[in-house]
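Examination of the molecular architecture
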Amino acid sequence: MGGMERLLEVMRRLRGPGGCPWDRAQTHESLVPYLLEEASEAADALLAGDAEAMAEELGDVLLQVAFHSVIAEEEGRFTYGDVERRIVEKLIRRHPHVFGDAKADTPEEVKARWEVLKAEEGKEEKPCGLPKHLPTLLRAYELQKKGVEKGSEAGLRAALERGDLEEALWNLVGLFAERGLDPESALRRRSLRACREG
């Protein structure tokens, strides 16, 4: 036995009788901070380009998938097989230009079609269409990409003159959105550089 099934078996052993008291005590809710932390650490490794760290941190994210899948399996709610099946079906459904007859030649066309297909699926609308736990800087960026109160260079200057740093930050994020640059990743890269240089 290997691959994902081996990881699931290890998790079932940790959660089972005679397993680890900490692992057995966890719930979907108690694991949320760990999922967010592991995703952030994986992002750091990806931006740093460190192959060894990337493999390790992506493994930690995969552990979270296995952990939640085993908990749900115990509760009779879903299994890892359901998780995998749903993402495979979604990828095929949202890539009709690869798995069907549709045509899309640019990343922009693909993204636009993805959003249309997502809307057609009638997914439950999140507040402003964004996950609640999205990092705040990324949330501001995504909102402005959607055209919600778009910031501008003029707005940034005016806010700085007034000393309104909150509004200045919003407008600065708007400049990133205007240029299609992710401020979360930019600031993460700059922070990593500061740690190396400090």
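Just so it is clear, the structure is predicted and the values come from calculations on it, not from any experiment.

Mapped onto the elements of the fold, alanine 43 is located in helix α3 (residues 28–48). Residue alanine 43 is classed as partly exposed on the basis of its relative accessible area, which comes to 23%. Spatially, the C-alpha atoms of alanine 43 and valine 32 are 17 Å apart, while their sequence positions differ by 11 residues.

Quick look at the packing of aromatic side chains now. Applying the stated criterion across every chain yields a total of two aromatic pairs. On the basis of an interplanar angle of 90° and a centroid distance of 5.6 Å, the ring pair of tryptophan 22 and tyrosine 34 is categorised as edge-to-face. Taken as a pair, tryptophan 22 in helix α2 (residues 21–25) and tyrosine 34 in helix α3 lie far apart in primary sequence, 12 residues in all. Seen in terms of ring centroids, tryptophan 22 and phenylalanine 67 are 6.4 Å apart; in terms of plane orientation they differ by 70°. Their pairing is edge-to-face. Taken together, the positions of tryptophan 22 in helix α2 and phenylalanine 67 in helix α4 (residues 51–75) put the pair 45 residues apart, joining distant regions of the chain. For tryptophan 22, a relative accessible area of 40% corresponds to the partly exposed category. Members of the aromatic cluster, each reached through a chain of ring pairs, are Trp22, Tyr34 and Phe67.

Rules used throughout
- Residues numbered from 1 in each chain as written.
- Predicted model: local features only at pLDDT ≥ 70, side-chain atom pairs only at ≥ 80, totals over all residues.
- Heavy atoms only, no water.
- Helix = DSSP H or I, 4+ residues; strand = E, 2+ residues; numbered from the N terminus.
- Buried < 20%, exposed > 50% of the residue type's maximum accessible area, 1.4 Å probe, protein only.
- Phe/Tyr/Trp six-rings, centres within 6.5 Å; stacked < 30°, edge-to-face > 60°.

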